Amino acid sequence: MVVVSAALLALVLPHRAFPAAPRAPSPLLLGDAPGAASIAAATAARAEAASKALADAARPASEFLLDATRPAIDAATPVLDPVLRATEQARVQWQLYGSEHPAEQVGLGLSVLLLLELVREVVAAGGDERPYPRDAYDPDAARAFFVRRPLEVLARAVELGVRSAGFGGALLSDWLAGPAALEANAEERALQLAKVLTALGPTFIKAGQSASIRTDLLAPPYIRGLTSLQDQVPPFPTDEATALIREELGGAEGVEALLDSLSAEPVAAASLGQVYRGALPDGTPIALKVQRPRMARQIALDMLLIREVLAPLASAVGLPGDLVGTADAWGEGFVAELDYSAEAANAALFNANVRQGQLSGSVFAPPVVEGFSSRRVLTTEWVDGERLDRCRAPEDVPRLCSLAMSTYLQMMLQDGVLHCDPHPGNLLRTAEGKLCILDWGLVTTISPDLQLTLIEHVAHLTAEDYAKVPNDLVRLGFVPEGGETDIESSGVVDYLTFVYSTWNSGGGASKLDVPALLARVQELTAETENGLFQIPPYFAYVAKSFSVLEGIGLSSDPDYSIVQETLPYISRRIMSDPSPRTAGALETFVFGDVKDDRTARVLSPKRVETLLQGARKYAAATAAVDGADPTLLQPLDTEAAADALLDTLQTPSPLQALVVEQLTLVLAASSRQLWSRLRDASPRVELAGGEDRSLLGLLVDPLGLFRASRLVENDERDHKALEAARRLVEAASSLVGGAPADATAGPDGEGAANAEAAALARALVRKAWERREHIPAISRLFLVEALDQTAARLGRGR
């Protein structure tokens, strides 16, 4: 943005207005380089003289223009209030800076000149026109609006450049001085950055809020510095807030009583608005959020600069993806956040969705008070709670992180409306241990097709089936259509396997060499004709939401793995969703690479146990926690386990088909194994001709037709199925009885496992009898599957 500002200034300002100054490196940049001292001193002297000359040249003209245009400004105050405030701020800052900071003095002088020209633009254009006439993000309308106001655009560009130049120069000086200087000045630079972002407005405050939670990407001083952006944004005057509330709610009964009940000062200030505590006439405590004045115009201008200037520049230097589309996606979200009536509808929709599922009673959004809400005022019931990152029950944070992850996955993959602003200030733990999610202004929608593709992708990651990931990337839009061949030939599969496996192990990006990762991605992109990777526009808000959630998890657990934390929801979803594509994800999870070979596939005990543990964790995270230890996974009740299995067998679903297939396989293999043992244990009979056969075999098959048949002999798949069944019984015993699976290894453990298995079997028999009207239908399922498997065995031959 500094480069852009400089280029615009070069076009607008006449070069002869300022004395020429010799160009030389800044002494800050020379540092302690050998032989630099004399050059630095001379350069500093010349730069100081030039800056003072520039300031002296600008001061009289600026003050003259300020005084000359004061009457016009006063006359246009209702329309030009933002300009008037900025002018006064510039005059005050001019006096504060004085001669100690001539560069900033010149920048402020130029800003004042531009603001005065802006007075003329606004007076000429009128003050009623809006950059977004339909109150929705519209880049074309914003462009048409601001193209008639070039100096307003230039003023914002200069402001961004001037406000960020000091921090950027100081950081560059630290970097040139070496790692010691970077570390020593980190605390100061972090605070400077927070002040810069605050001064630049809501767009940049939100960027800093998202970054402040990434403990794996930023150094601790910057985390501490940027954390102030989450709840220390300066408020705007209460009298302005009161005026806006009256303007928005003036016709509603009880407004004055509501205003009288509000706290004298806001209890919280955010980038787009601030919150007051009050009470309804019936005494119900409420939180009233009122929007900052003049937000739409500032956001419209910032988004225009990002879309029309920064995005093309980033693409020009090689950043992959549809950056203009990404900017549009962000713009839609920012502008939508300005409509508090839409925020109220989003919160109500979330609560309705939650009430229909297992999250009910565990997570909620504050209920909206309809009569006292509008487009720029939102009133909700007051919620007492504490932020997750300041929770006085730290032992409960892991459960809440798991609950938050399951909640956001449900929003993204089931409900289709995702909350996109989950910084710690918006996630509260109530006294009852529930999770309250605030601030529903920023949401994004996920299409049903994309939901299923994401489910498949997350299932591949949690199952560590990385060979499927490249195809996922094409379907998700990260690789252009037709890029499959490039992926296969570029070596990206091996590289992604390394990246995902490292990420899966926990610790976030701190365990990855992020610069090397980005360099490798750029290298892979450069090796293909049309570029290998791109960033789809929808991904911006998805990445923001889950990046912040990962940061919250890492703040309480340095080894937190967001991939593993997706397991509880994904486990429950792929076991219950009837969609054929979800069925494919389930098969991938439990069978791995052989899922498509129905004649060879056998359940992976490890993966099934992982799936069941995920389902248990989901149940634990969403359960009420009144007085319970939230860190413990309680053992399953045998009655509940039996009900769950019978429910699965009765309800048509991908899980039912999978269970019937594998149970039939194990029952048939067990029958063949039992037959072999009985036959081998029976007396031997020597027949004429010296043939030796078992008595049982002779009685059952006198002619010996089936002695060598696959129907009575187990093959390699059967042995794998029996071993898998044995291990799954052990896993089930640990789930039902609460003992670790490896505790069943010894004699006592084996007895415990057998006892739990027997208890489960008795419960199954009893409950099956209670549901005996369903037995014929279930039996038909097993019979059909047994016939299919028998035909397949005979077809394969010996």
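Residues numbered from 1 in each chain as written. Predicted model: local features only at pLDDT ≥ 70, side-chain atom pairs only at ≥ 80, totals over all residues. Heavy atoms only, no water.

Draft legend 1. Quick peek at the pairing of strand 8 (residues 427-430). Across the two faces of strand 8 the burial is the same, with L427 and R429 and L428 and T430 all buried. By the bridge criterion, 3 bridges tie strand 6 (residues 385-387) to strand 8 in an arrangement that is antiparallel. For G385, the partnering residue across the bridge sits in strand 8 and is T430. If you look at the hairpin formed by strand 8 and strand 9 (residues 435-437), you'll find 4 residues sitting between the two strands, and G433 has a positive phi there, around 85°. (Buried < 20%, exposed > 50% of the residue type's maximum accessible area, 1.4 Å probe, protein only. Helix = DSSP H or I, 4+ residues; strand = E, 2+ residues; numbered from the N terminus. Pairing = 2+ DSSP bridges.)

Draft legend 2. Local environment of the pattern of salt bridges. Inspection of the entire model under this criterion finds 40 salt bridges. For R143, the salt bridge goes to E308, with nearest N and O atoms at 2.9 Å. Of this pair, R143 sits in helix 6 (residues 139-147) while E308 sits in helix 14 (residues 295-316), and the two are 165 residues apart along the sequence. A relative accessible area of 32% places R143 in the partly exposed class. For E308, a relative accessible area of 32% corresponds to the partly exposed category. The salt bridge involving E661 is made with R601; its shortest N-O contact spans 2.5 Å. (Salt bridge = Lys/Arg side-chain N within 4 Å of Asp/Glu carboxyl O.)

Draft legend 3. Here's a closer look at the nonpolar core. In terms of nonpolar packing, the biggest core is built from 78 residues, with M412, L435, I437, F546 and V590 touching the most fellow members. The element that contributes the greatest number of residues to this core is helix 17 (residues 397-415), accounting for 11 residues. Those residues in contact with L435, other than ones at most four positions away along the chain, are S362, V363, F364, L388, L400, L403, A404, L427 and L428. If you look at the next biggest cluster of nonpolar residues, it comprises 30 residues, including F146, F167, L272 and M295. (Core = buried A, V, L, I, M, F, W, Y, C linked by side-chain atoms within 4.5 Å. Contact = heavy atoms within 4.5 Å.)

Draft legend 4. Spotlight on the sheet that holds strand 9. Strand order in the open sheet made by the 4 strands is 4-9-8-6, with mixed pairing throughout. Across the chains shown, the open sheet's two edge strands, defined by having one partner strand only, are strand 4 (363-364) and strand 6. Contacting strand 4, strand 8 and strand 9, helix 17 crosses the sheet at an angle of about 45° to strand 9. (Axes fitted to C-alpha atoms, helices over the stretch in contact; angles between N-to-C directions.)

Draft legend 5. Region of the structure containing the packing of aromatic side chains. Taken as a whole, this structure holds 3 aromatic pairs when the rule is applied. When the centroid spacing of 4.9 Å and the interplanar angle of 85° are considered together, the rings of F145 and F146 count as edge-to-face. Here the guanidinium or amino end of R149 rests over the ring plane of F145, the centre of that ring lying 3.8 Å away. (Phe/Tyr/Trp six-rings, centres within 6.5 Å; stacked < 30°, edge-to-face > 60°. Lys NZ or Arg CZ within 6 Å of the ring centre and 35° of its normal.)

Draft legend 6. Unusual backbone geometry, seen in detail. Its identity as a non-glycine residue notwithstanding, R294 has a phi of 60°, on the positive side. Tracing the backbone through its elements, the reader meets R294 in the loop between strand 3 (285-291) and helix 14. The backbone of D439 sits at a positive phi, close to 65°, despite the residue not being glycine. Along the polypeptide, D439 turns up in the loop between strand 9 and strand 10 (443-445).

Draft legend 7. Here's a closer look at the environment of P235. Within the element layout of this structure, P235 appears in the loop between helix 11 (220-231) and helix 12 (238-249). Excluding residues within four positions of it along the chain, P235 makes contact with P266, A269, Q274 and R292.

Draft legend 8. Focus on the packing of helix 7 (residues 150-177) against helix 9 (residues 186-200). For the pair helix 7 and helix 9, interaxial distance at closest approach is 10 Å and the crossing angle is 175°. On the basis of their axis angle, the class for helix 7 and helix 9 is roughly antiparallel. Listed contacts from helix 9 to R156, E159, L160, R163, S164, F167, A170, L171 and D174 of helix 7 are R189, Q192, L193, V196, A199 and L200. Taken together, the residues that form the contact of helix 7 with helix 9 break down as 8 nonpolar, 2 polar and 5 charged. (Parallel < 35°, antiparallel > 145°, perpendicular 65-115°, else oblique. Nonpolar A, V, L, I, M, F, W, Y, C, P; charged D, E, K, R; others polar.)

Draft legend 9. Seen up close, helix 14. For helix 14, built from 22 residues, the straight-helix expectation of 32 Å at 1.5 Å per residue is met to within 8% by its first-to-last C-alpha distance of 30 Å. At I306, helix 14 shows its largest kink, close to 35°. Of all the positions in helix 14, only M295, I299, A300, L301, D302, M303, L304, L305, R307, A311 and A314 are classed as buried. Following helix 14 by one or two positions, G318 has its phi on the positive side, about 105°. (Expected span 1.5 Å × (residues − 1). Bend = angle between axes of the 7 residues up to and from the residue.)

Draft legend 10. Structural view of the side chain of T407. Along the chain, T407 falls in helix 17. Under the relative-accessibility criterion, T407 is labelled buried at 1%. With residues near it in sequence (within four places) discarded, T407 still touches F350, L359, V363 and I437.

Draft legend 11. Looking closely at a nonpolar patch on the surface. A contiguous nonpolar surface patch, about 390 Å² in accessible area, is contributed by L172, W175, L176 and L182. The greatest single-element share of the nonpolar patch, amounting to 3 residues, is contributed by helix 7. Summarising the element assignment, L172 is placed in helix 7. (Patch = residues over 30% accessible without salt bridge, like charges linked within 9 Å, V, L, I, M, F, W, Y side chains within 5 Å. Areas by Shrake-Rupley, 256 points an atom, 1.4 Å probe, with all protein chains shown as cover.)

Draft legend 12. Structural context of the sheet that holds strand 3. The antiparallel open sheet is built from 4 strands, whose spatial order is 1-2-3-5. Edge positions in the sheet fall to strand 1 (268-269) and strand 5 (377-381), since each of these pairs with one other strand and no more. Bridge count between strand 2 (residues 273-279) and strand 3: 7 bridges; the pairing is antiparallel. When the sheet's bridge partners are listed, Q274 is paired in strand 3 with V290.

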